[in-house]
Amino acid sequence: MNKNCLLCGVGGQGVVLASKLIAYAAMEKGMFVRTSETIGMAQRGGSVVSHVRMGEEIHSPMIPAGSADVLLAFEPAEAVRNLSYLRRGKKEGIVIVNQKAVQPVTATLGNGGYDSKEMLSYLKEYVKNLYVVDGEAICQRAGSAKTLNVALLGAAAAANGLGLDIKDIECEIERRVKPQYREMNLRALSLGAKAL
């Protein structure tokens, strides 16, 4: 069975590492995997989007509109911006979103901004399978703000959105994350899974 996972956030949130952990875990299970990232202005706090496609037969790394099984959003506005990728209908996709807003650079420069409550209200109205995660609280308990990406992976695995379980991701954290950061990431993964 094929799975399409779209991850989105802003530069510095660990979107690319999260997509790599998913891809490695899927390959360990014998799946074919294709990935693609759009990072553009990521270093300046711009949008980051990562496509991960896995399964038996994958030809393109890009997820077509309307066919993402899971949308993993590190930030509410990015969830809304990428909502057109989500699968609709009988097998509607899942959205896992961090509740805390991260102001994009353009809003900061123009003294603008937005309220994450407005974005979350929009998602609640239009998404049937929505899980809002308090990433900030999980990261505090895990010991670092840099564990948000792994906390969201834990939530996605618990929601059965990835076609992978917590153990699969744990194994990749143990293989791929530097020893000094392993324990806090494993804690964040577990806390993310329990947040649903």
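**As for the overall build of the chain**
- From N to C terminus, the chain includes eight helices and six strands.
- The order of α-helices and β-strands along the chain, N terminus first, is β-α-β-β-β-α-β-α-α-β-α-α-α-α.
- The C-alpha radius of gyration of the chain comes to 16 Å, within 12% of the 16 Å expected for a compact globule of 196 residues.
- In terms of overall dimensions, the chain has C-alpha extents of about 50 × 40 × 30 Å along its principal axes.
- Evaluated residue by residue, the chain yields a buried proportion of 49% over its 196 residues.
- When contacts within the chain are restricted to residue pairs at least 6 apart in sequence, long-range pairs at least 24 apart make up 67% of them.
- Total accessible area on the chain is roughly 9800 Å²; 50% of this is exposed by carbon and sulfur atoms.

**What to know about unusual backbone geometry**
- Positive phi, normally seen in glycine, also occurs at Asn-160, with a value near 60 degrees.
- Its location among the elements puts Asn-160 in the loop between α6 (148–158) and α7 (166–176).
- Asn-160 sits in the exposed class, given a relative accessible area of 60%.

**Brief notes about the pattern of salt bridges**
- Tallied over the full model, the rule gives nine salt bridges.
- The partner of Arg-175 in a salt bridge is Glu-28, and the shortest N-O contact between them spans 3.7 Å. With Arg-175 in helix α7 and Glu-28 in helix α1 (residues 15–28), this residue pair connects regions lying 147 residues apart in the sequence.
- Classification of Arg-175 by relative accessible area gives partly exposed; the value is 47%.
- Among the salt bridges present, the one from Arg-81 reaches Glu-78, with a minimum N-O distance of 2.9 Å. Here Arg-81 pairs with Glu-78, and both are found in helix α2 (residues 76–81), just three residues apart, close to one helical turn.
- You can call Glu-78 buried: its relative accessible area is 8%.

**Observations concerning the side chain of Gln-13**
- With respect to the helices and strands, Gln-13 occurs in the loop between β1 (3–10) and α1.
- Residue classification places Gln-13 among the buried residues on the basis of a relative accessible area of 13%.
- At 2.9 Å, the side chain of Gln-13 forms a polar contact with the backbone nitrogen of Val-10.
- In this structure the side chain of Gln-13 is engaged in a polar contact, spanning 3.2 Å, whose partner is the backbone oxygen of Phe-74.
- What Gln-13 contacts, discounting residues up to four positions off in sequence, is Phe-74, Glu-75, Val-102, Leu-148 and Asn-149.

**A look at the sheet that holds strand β3 (residues 47–55)**
- Read from one edge to the other, the open sheet built from six strands follows the order β2-β3-β1-β4-β5-β6, with strand pairing classed as mixed. For this open sheet the edge positions go to β2 (32–38) and β6 (129–133), each flanked by a neighbour on one side alone. With direction set aside, neighbouring strand axes in the sheet form an average angle of 10 degrees.
- The strands touched by α6 are β4 (70–73), β5 (94–98) and β6; relative to β5, the strand with the most contacts, the crossing angle is about 150 degrees.

**Here we look at the layout of surface pockets**
- Taken as a whole, the largest pocket holds about 680 Å³ of empty space.
- Taken together, 27 residues form the lining of the largest pocket, with Gly-12, Gln-13, Ala-145, Lys-146 and Thr-147 sitting closest to its centre.
- Of all elements in the fold, only α1, α5 (135–142), α6 and α8 (179–194) reach the threshold of two or more residues within the lining of the largest pocket.
- A breakdown of the residues in the lining of the largest pocket according to their chemical character gives 12 nonpolar, 10 polar and five charged.
- In this structure, the second largest pocket spans a volume of roughly 220 Å³.
- Taken together, 13 residues form the lining of the second largest pocket, with Met-1, Lys-3, Asp-69, Arg-87 and Lys-91 sitting closest to its centre.
- Here the lining of the second largest pocket is composed, by residue class, of two nonpolar, six polar and five charged.

The rules behind these values
- Residues numbered from 1 in each chain as written.
- Predicted model: local features only at pLDDT ≥ 70, side-chain atom pairs only at ≥ 80, totals over all residues.
- Heavy atoms only, no water.
- Helix = DSSP H or I, 4+ residues; strand = E, 2+ residues; numbered from the N terminus.
- Rg over C-alpha atoms; globule rule 2.2 N^0.38 Å.
- Buried < 20%, exposed > 50% of the residue type's maximum accessible area, 1.4 Å probe, protein only.
- Contact = heavy atoms within 4.5 Å.
- Areas by Shrake-Rupley, 256 points an atom, 1.4 Å probe, with all protein chains shown as cover.
- Salt bridge = Lys/Arg side-chain N within 4 Å of Asp/Glu carboxyl O.
- Polar contact = N/O pair within 3.5 Å; in protein donor to acceptor, adjacent residues only side chain to side chain.
- Pairing = 2+ DSSP bridges.
- Axes fitted to C-alpha atoms, helices over the stretch in contact; angles between N-to-C directions.
- 1 Å grid on protein atoms, 1.4 Å probe; cavity = no way out; pocket = protein on both sides within 12 Å on 5 of 7 lines; lining within 4 Å.
- Points joined across faces, edges and corners; volume = space filled by probe spheres on them.
- Nonpolar A, V, L, I, M, F, W, Y, C, P; charged D, E, K, R; others polar.

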